[in-house]
Structures are given as structure tokens and as C-alpha cells.
Amino acid sequence: MFKYQFRWDTVWGSFDFLMSGLQMTLIVSAATLVLAMIGGLIIALLDMSRFRALRWIGVSIGEVVRNTPILVQLLWVYYVLPIVFGIRIEALVALIIGLALYQAAFISEVYRSGIQSVPKGHVEAAQVLGLSPLQSFRRIVLPQAIKMTLPPLASNFVQLIKFSSLGAVISVSEITRRGMELSATNFRPLETFTFIAVVYFLICWPLAMGIRFWERRLQNR
Amino acid sequence: MSGHEADHPMSATPIILADGVTKRFGTNQVLTRVTLPVMERDVVCIVGPSGSGKTTLLRCFALLELPSEGRILMEGTPISTAEPDRAIKTAARAVRSEIGMVFQHFNLWPHMSVLENLIEAPLRVKKMPRDQAIAMAEKLLAKVDLADKRDAYPARLSGGQQQRVAIARALAMSPKVLLFDEATSALDPELRREVLIVMRQLALEGMTMLVVTHEMGFARHVGTRTVFMDRGEIVEEAPGAAFFDAPKTERAKRFLQQFEEE
Ligand SMILES: Nc1ncnc2c1ncn2[C@@H]1O[C@H](COP(=O)(O)OP(=O)(O)OP(=O)(O)O)[C@@H](O)[C@H]1O
Ligand SMILES: [Mg+2]
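Q: Would you mind showing me how to read the packing of aromatic side chains here?
A: Each aromatic ring pair is characterised by the separation of its centres together with the angle its planes make. All names here are of chain B. All chains considered together, the criterion is met by 13 aromatic pairs over all chains. Here a set of aromatic residues connected by ring pairs shows up, and it is made of Phe228, Phe243, Phe244, Phe255 and Phe259. A cation sits over an aromatic face here: Arg169 above Trp109, 4.3 Å from the ring centre.

Q: For this particular structure, what's the right way to read the interface of chain A and chain B?
A: Many analyses report the size of an interface as the accessible area lost when the parts associate. Taken together, the contacts link 16 residues of chain A with 24 residues of chain B. For the pair chain A and chain B, the summed buried surface comes to about 1800 Å²; carbon and sulfur atoms form 61% of the total. Of all residues in chain A, Val128, Leu129 and Arg139 of chain A give up the largest surface area on contact with chain B, accounting jointly for 37% of the area buried on that side. Put simply, chain A and chain B have two salt bridges between them. Two residues, Glu120 of chain B and Arg139 of chain A, come together in a salt bridge whose shortest N-O distance is 2.7 Å. With seven residues, the top contributor of residues to the side of chain A that touches chain B is helix α6 (residues 120–128) of chain A. Of the residues assigned to the side of chain A that touches chain B, the class counts are seven nonpolar, six polar and three charged.

Q: What should I look at first to understand the pairing of strand β5 (residues 77–80) of chain B in this one?
A: The two faces of the sheet receive side chains in turn, since in a regular strand these alternate between them. All names here are of chain B. Where strand β4 (residues 69–74) meets β5, three bridges bridge the pair, whose relative direction is antiparallel. Each bridged residue has a counterpart across the sheet, and for Leu73 the counterpart in β5 is Pro78. Hairpin remark: β4 followed by β5, antiparallel, with two residues in the connecting loop; positive phi at Glu75, about 45°.

Q: Help me out: how do you make sense of the sheet that holds strand β3 (residues 43–47) of chain B in this one?
A: Pairing between the strands of a sheet is mediated by backbone hydrogen bonds and can be parallel or antiparallel. Residues and elements named next belong to chain B. Strand order in the open sheet made by the six strands is β6-β7-β8-β3-β9-β10, with mixed pairing throughout. Edge strands, defined here as strands with exactly one partner in the open sheet, are β6 (99–102) and β10 (233–239). Geometrically, the sheet is characterised by an average inter-axis angle of 20° between neighbouring strands, direction not taken into account. When β3 meets strand β8 (residues 209–212), the two strands line up parallel, connected through four bridges. When the sheet's bridge partners are listed, Val43 is paired in β8 with Met209. On the sheet, helix α7 (residues 189–204) packs against β3, β7 (177–181) and β8 and is oriented at approximately 150° with respect to β8.

Q: What's the story with the sheet that holds β4 of chain B in this structure? I'm lost.
A: Residue and element names in this part refer to chain B. Taken in spatial order, the four strands make up an open sheet running β2-β1-β4-β5, and their pairing is antiparallel. Unpaired on one side and paired on the other, β2 (28–38) and β5 mark the two borders of the sheet. Strand-to-strand twist of the sheet, defined as the mean angle between neighbouring strand axes without regard to direction, takes the value 30°. Two strands pair when backbone bridges link them, and strand β1 (residues 16–25) and β2 are joined in this way by seven bridges, in the antiparallel orientation. Note that in β2 the partner of Arg24 across the bridge is Gln29. Taken strand by strand, helix α3 (residues 86–95) contacts β4 and β5, and its axis lies near 90° from that of β5.

Q: What's the story with the nonpolar core in this structure? I'm lost.
A: Side chains of nonpolar character tend, in soluble globular proteins, to be buried together. Residue and element names in this part refer to chain B. Core analysis: the biggest nonpolar cluster contains 52 residues, and Ile167, Leu178, Phe180, Met199, Met209 and Phe218 have the highest contact counts within it. Per element, the largest residue contribution to this core is seven residues, and it comes from α7. Aside from chain neighbours lying at most four places away, what touches Met209 is Val38, Asp42, Val43, Val44, Leu178, Phe180, Met199, Leu202, Ala203 and Phe218. By size, the runner-up hydrophobic cluster in this structure holds 43 residues, among which are Ala18, Val21, Ile46 and Leu210.

Q: How do you make sense of the state of the cysteines when you look at a structure like this?
A: By definition, a disulfide links the sulfur atoms of two cysteines through a covalent bond. Residues and elements named next belong to chain B. Scanning the model with the defined rule gives zero disulfides over all chains in all. Here Cys45 stays unpaired: no disulfide links it, and the sulfur of Cys60, its closest cysteine neighbor, is 19 Å away. A relative accessible area of 0% places Cys45 in the buried class.

Calculation criteria
- Residues numbered from 1 in each chain as written.
- Chains lettered and ligands numbered in written order.
- Predicted model: local features only at pLDDT ≥ 70, side-chain atom pairs only at ≥ 80, totals over all residues.
- Heavy atoms only, no water.
- Phe/Tyr/Trp six-rings, centres within 6.5 Å; stacked < 30°, edge-to-face > 60°.
- Lys NZ or Arg CZ within 6 Å of the ring centre and 35° of its normal.
- Contact = heavy atoms within 4.5 Å.
- Buried area = accessible area lost by both parts, 1.4 Å probe.
- Salt bridge = Lys/Arg side-chain N within 4 Å of Asp/Glu carboxyl O.
- Helix = DSSP H or I, 4+ residues; strand = E, 2+ residues; numbered from the N terminus.
- Nonpolar A, V, L, I, M, F, W, Y, C, P; charged D, E, K, R; others polar.
- Pairing = 2+ DSSP bridges.
- Axes fitted to C-alpha atoms, helices over the stretch in contact; angles between N-to-C directions.
- Core = buried A, V, L, I, M, F, W, Y, C linked by side-chain atoms within 4.5 Å.
- Buried < 20%, exposed > 50% of the residue type's maximum accessible area, 1.4 Å probe, protein only.
- Disulfide = S-S within 2.5 Å.

In short, geometric facts, not functional conclusions.
Given below as C-alpha cells:
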């Protein structure tokens with residue numbers, strides 16, 4: 001009953017077109033990760049601030065971002081921010097800002113658990129030896145915390161590769177958008193989107209496996 | 001009675017002194033008006049049942065906990081109270097690294113080599129030149145018989161070796177007093193000896209020590225004074241072996257019986 005004449009040549013014929021979309025996907029993901037790491041640090045600092053108002057801001061950002069759909073956030077950044085600030089935002093910029101904001105809320109938790117993973121005794125040893133709180137944070141806590149945050153940050157990168165496909169909705173020409181454009185002209189959605197799914201999988205799966213291995217090695221130390 | 005009391009007549013100032021220290025966690029009173037002086041070259045051993053407040057007392061001396069009432073003094077200067085004022089905070093900062101502590105679980109920094117563990121505080125706190133710090137660290141490692149582990153990472157060492165590194169790390173700041181919190185409890189029996197030997201060597205060299213321990217042999221033979229704590233109070237205090245030969249209180253007798261049965 002499933003008689004279908006596969007026409008993979010329609011995909012190969014547009015290979016370069018799709019790959020330039022992949023390039024955009026990777027650029028968006030990398031840029032967003034960098035931005036989200038900075039944003040995550042800011043949220044984490046707000047969360048741990050001595051001032052209640054700042055803590056409240058940090059916590060609120062985290063709660064709002066974690067409890068609304070990412071697609072809605074993206075549309076909000078793209079359509080609402082320009083109205084509020086009276087500026088035009090490029091779709092690409094909106095995508096990066098929207099994704100970065102979303103991911104920053106999660107990365108702030110990564111930082112926090114990285115810091116909390118350092119045993120209290122290590123800090124007390126430093127304190128007894130006379131190191132100042134700042135010295136002990138810089139020399140004892142941070143180096144150990146960073147090691148613990150690297151695998152989760154890499155996982156965030158994998159997530160961003162997938163989330164960046166949402167850019168298609170606001171017509172950022174990453175690979176999913178390119179696929180939509182292609183299938184609109186070659187009328188071959190099956191081949192086109194299968195190919196795109198395979199591309200995502202071939203990038204994300206090895207990364208995810210590598211990260212899992214990396215995490216296990218960190219835990220067994 | 002023994003020689004060591006003649007070494008420091010009553011008028012001498014203790015190196016460290018807990019002066020009427022009470023400690024509460026919430027409503028749970030863990031220490032009750034503990035007064036304990038530690039004189040120069042003293043090796044005071046604190047023994048007592050689990051939960052009697054030994055660790056808490058040591059942590060008050062190490063300035064890791066604030067007493068709820070009472071004070072900690074170092075050579076006569078208050079360095080810790082319930083609500084330390086500016087003068088006390090300044091005094092504490094000045095003498096903090098002169099009170100060394102050895103923890104039950106070593107607490108070496110795993111991302112640093114043995115040598116780096118030893119030189120970190122001298123470099124950052126004392127601003128000692130690097131080559132001088134390294135030379136001193138090497139001497140200390142030789143002293144704890146670990147000269148060959150200089151560049152190893154803590155994870156590669158046995159528990160006994162890690163604890164000896166931790167002792168060397170504490171010594172690197174040339175403390176006036178060393179606090180030990182059950183330094184051998186986390187170790188397999190066959191590894192305890194190597195740590196106890198180092199501790200005894202330190203005692204023989206005249207290091208002032210305050211030692212929480214379950215090693216009754218160490219308390220009897222190396223300690224100059226034994227302090228028995230129960231339910232947050234010092235119940236009994238006696239010079240060296242006297243506590244073991246002639247405990248005065250019922251509670252101490254019962255406590256010591258457990259060790260005879262072993
Ligand atoms: N940070 C803390 N918060 C609340 N309660 C605490 C804290 N630290 C210790 N305690 C309580 O204080 C009491 C005394 O504890 P402590 O660790 O000083 O006893 P210990 O004599 O060292 O016992 P052990 O021989 O088991 O090490 C215990 O009841 C413990 O639960
Ligand atoms: Mg204890």
C-alpha cells in the first residue's frame with residue numbers, strides 16, 4: 001500500500017542550499033550559547049545577591065522563562081520588543097536574544113549546582129589556612145565548579161542546535177527554514193524533512209554520547 | 001603532678017582559650033559553658049561519646065563557628081564572640097592562619113597537586129616568594145615521609161597519605177596550635193598508624209595540639225591532658241594517663257568500659 005517513488009535527487013540537487021542553512025544553525029547555536037553563558041552568570045549573581053530586590057529580579061526572570069513556552073517567548077521578543085522600544089529587530093537578532101534568554105535561565109542553575117558541588121570542607125580548609133572568601137572562591141571553588149559545568153554547558157549547546165529550528169517560524173534561514181523553502185518548491189517534504197532530521201541526528205547524537213561519557217568520567221574521579 | 005605543669009605556671013597565658021563557650025543550633029544546645037585553656041606545648045586530647053560536642057568545640061576554636069555565648073581568646077586577645085565587633089574581627093584576621101586544623105575527611109583540594117596544596121596558603125596569605133614556599137613544602141613533605149608524592153594529585157594517594165599531606169599543609173602556615181578532628185577515624189586500621197606516628201612526632205617536637213580522638217592509646221601515651229566531654233560539657237579533666245587509670249566520674253568510667261570490651 002505504501003507505494004512511493006523516492007526522489008532523493010531533489011534533495012541532493014539542493015545540498016549546498018541546505019548546508020548553508022546548517023551553517024546558520026551552528027552559528028546561531030554558538031552565538032546563543034555564549035550570550036546565554038553571560039546571561040546565566042548575571043542571573044546567578046542576581047539570585048545570590050545580598051540585596052533582596054536583586055534576588056527577586058533574578059528569581060522572577062528564572063520563573064517566567066522556565067514556565068512559558070519557548071516559542072511564545074521567541075514570538076514575544078520578535079513582535080513585542082520592537083513595539084515597546086520602537087526599534088526594528090532583525091529576525092536573526094530576535095532569535096538569538098530569545099533563545100539566549102531562555103537558555104540563560106537554565107544555565108544559571110548549572111552554575112549554581114556547579115558551585116554547590118564543591119564540598120563545604122574544601123572551603124573550610126581554605127578559610128582555616130587564612131585565605132579570604134574571594135581567594136577561596138577564585139582558587140578553590142571556581143576551578144572545581146567550572147569542571148562540573150562544562151558537560152552541562154555542552155548539553156545546552158546540543159539543545160540550542162535543536163531549539164534554533166524555531167527560527168524557521170520567524171524566517172531565519174537556518175536549516176529547518178531552508179527545508180521548508182525547498183519543500184515548497186520541490187513538493188518533496190518526505191525526502192526533504194527526512195534528510196534534515198538525519199542531519200540534526202548525526203550532529204546531536206554523537207555530541208550527546210560524548211557528553212554522557214565525559215560526565216561519567218567526572219563522576220568517577 | 002607531672003613535669004608539664006611546672007613548664008607553665010598558672011600565670012602563663014594560654015595559646016588558645018575557650019572562655020565559657022556555649023553553642024546552640026536553633027534550640028539545640030550543643031556546648032554548655034565550656035572553658036578550656038590550651039597552654040604552649042600542651043597536647044590536649046578530647047574524648048567523649050558521639051554527639052557530645054567535640055567537633056563543635058574544635059570548630060569554635062578554628063573560627064568556623066561563632067559561639068552563642070562566651071569567647072575564644074588567642075594569647076589573651078579575644079578573637080571570637082557571639083557578636084564580634086570590629087576589633088575582634090581584625091584580631092581574628094590577624095591570627096586566623098596561626099590556628100591550623102586537620103579534618104576527619106582531609107579536605108585536600110583535588111584540582112591541585114600535593115605541592116600546590118602545600119604552597120597555596122603561604123603564597124596567597126603570607127605572600128611568601130614561590131621558591132621559598134616550594135623549598136619549605138618539600139621539607140615538610142619529607143617530614144611526613146611523602147617527598148616522592150610532591151607532584152601527585154590527592155586522588156592518587158591512600159587515605160593515610162592524604163591525611164599526612166593535610167597535616168603538612170597545615171604546618172606550612174607555621175601555626176601556633178594545631179587542631180585535629182578525629183584525624184584517623186576515616187582511615188582503615190592499617191593506615192591509622194602512619195598518621196598517628198606523624199602526630200606523635202609533632203607532639204615530641206613541642207607542637208601545641210588539641211586533639212579530638214577515639215584513639216585511647218594516643219591520648220594515654222602522647223597526650224599531656226585528657227578532657228572528657230559528655231552532652232556538651234567538660235565532665236572530667238586529668239593530666240595524661242591519669243584519666244585512664246583513675247576516672248573519677250561514673251560517666252567517664254562507663255565511657256571507658258566500651259573500649260575495654262573491644
Ligand atoms: N551545623 C549544625 N547544625 C545543627 N546541629 C548541629 C550542627 N553541627 C552539629 N550539630 C549537632 O550538635 C551536636 C554535637 O555534634 P558534634 O559534631 O559536635 O559532636 P561530636 O562530639 O563531634 O560527635 P562525633 O563523635 O559523632 O563526631 C549533635 O547533636 C549535632 O547534631
Ligand atoms: Mg565529631
